[in-house]
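Residue-level listing of the chains:
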Amino acid sequence: MSKKKRPLPQGRTSWKKTAVTAIPAVLAVGAMASVMAEGALAASFAVSGTNFQVTSGKLTSQGLASYVHTDRDVSGKGHPVALLGLGKAVLSDICQAAEVKTPLGTVVFKLTAGGDAGQVTADNLVIDGEDLVGDARFGTAQIGRDASTLDQVPGVQGEKGKFGLQAGNVEVAGVRSHAWSATGGNFRLKGLRLDVSLGGKKCF
């Protein structure tokens, strides 16, 4: 038997063969980790049974993409939402509040940031909202574009044949929304404050 075809001793591994077969998996995991780190993928988790309020005095973003999506809770119940992807979001301030029932009564879980402390920023912010109220200004807008072809915000694409819209730079003043989830990368929350109180005041 030639030296090249000599079988490996028992318990030994051919690292060259292992490396070749492992490369595709490593590349796939690396790509997924990179995208998740940038916040480009919508959240793949079960939402709670409670939506929450979101407000901001002013929101700007380099790129916007949106399409209809369905969030589901642990029981499998669906909640229709408008998935809103923002490329590089800058908010003058932010308030998020949710009512949570406890044995002591209804508690308001409230998070605030920004304002005098400085701006709030996030990369590839994705909000699954029931509604959105505010005064908006869009750059070049495309309404009715196939959701699978959206390309303004990396990773924010829907199913083929579904309704979608996108725009370049966007600015929204007086933001108010009810949302089921929010994800993003590189969140910077200056002046962060978290309050949990019985019968506390919500964002609006």
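Residues numbered from 1 in each chain as written. Predicted model: local features only at pLDDT ≥ 70, side-chain atom pairs only at ≥ 80, totals over all residues. Heavy atoms only, no water.

## A word on the pairing of strand β8 (residues 193–198)
Next, step 1: Within β8, only zero of the six residues are buried, which leaves the element largely exposed.
Next, step 2: Bridge count for strand β4 (residues 105–114) against β8 is six bridges, and the pairing is antiparallel. Among the inter-strand pairings, Phe109 is bridged to a residue of β8, identified as Val196. (Buried < 20%, exposed > 50% of the residue type's maximum accessible area, 1.4 Å probe, protein only. Helix = DSSP H or I, 4+ residues; strand = E, 2+ residues; numbered from the N terminus. Pairing = 2+ DSSP bridges.)

## Side note on the state of the cysteines
Next, step 1: Per the counting criterion, the structure on display carries one disulfide.
Next, step 2: One disulfide in the model links Cys95 with Cys203; its S-S distance is 2.0 Å. Disulfide Cys95 to Cys203: torsion about the S-S bond roughly -85°, handedness left-handed. Highlighted residues: Cys95 in strand β3 (residues 93–102) and Cys203 in the segment after β8, separated in sequence by 108 residues.
Next, step 3: Relative accessible area serves as the criterion here: at 9%, Cys95 is assigned to the buried category.
Next, step 4: Cys203 gets classed as buried once you look at its relative accessible area, which sits at 18%. (Disulfide = S-S within 2.5 Å.)

## Here's the deal with a nonpolar patch on the surface
Next, step 1: Residues Val100, Phe109, Leu194 and Val196 make up a contiguous nonpolar surface patch of about 360 Å² in total accessible area.
Next, step 2: The residue Phe109 is located in strand β4 in this model.
Next, step 3: On the accessibility criterion, Phe109 (41% relative accessible area) is partly exposed. (Patch = residues over 30% accessible without salt bridge, like charges linked within 9 Å, V, L, I, M, F, W, Y side chains within 5 Å. Areas by Shrake-Rupley, 256 points an atom, 1.4 Å probe, with all protein chains shown as cover. Salt bridge = Lys/Arg side-chain N within 4 Å of Asp/Glu carboxyl O.)

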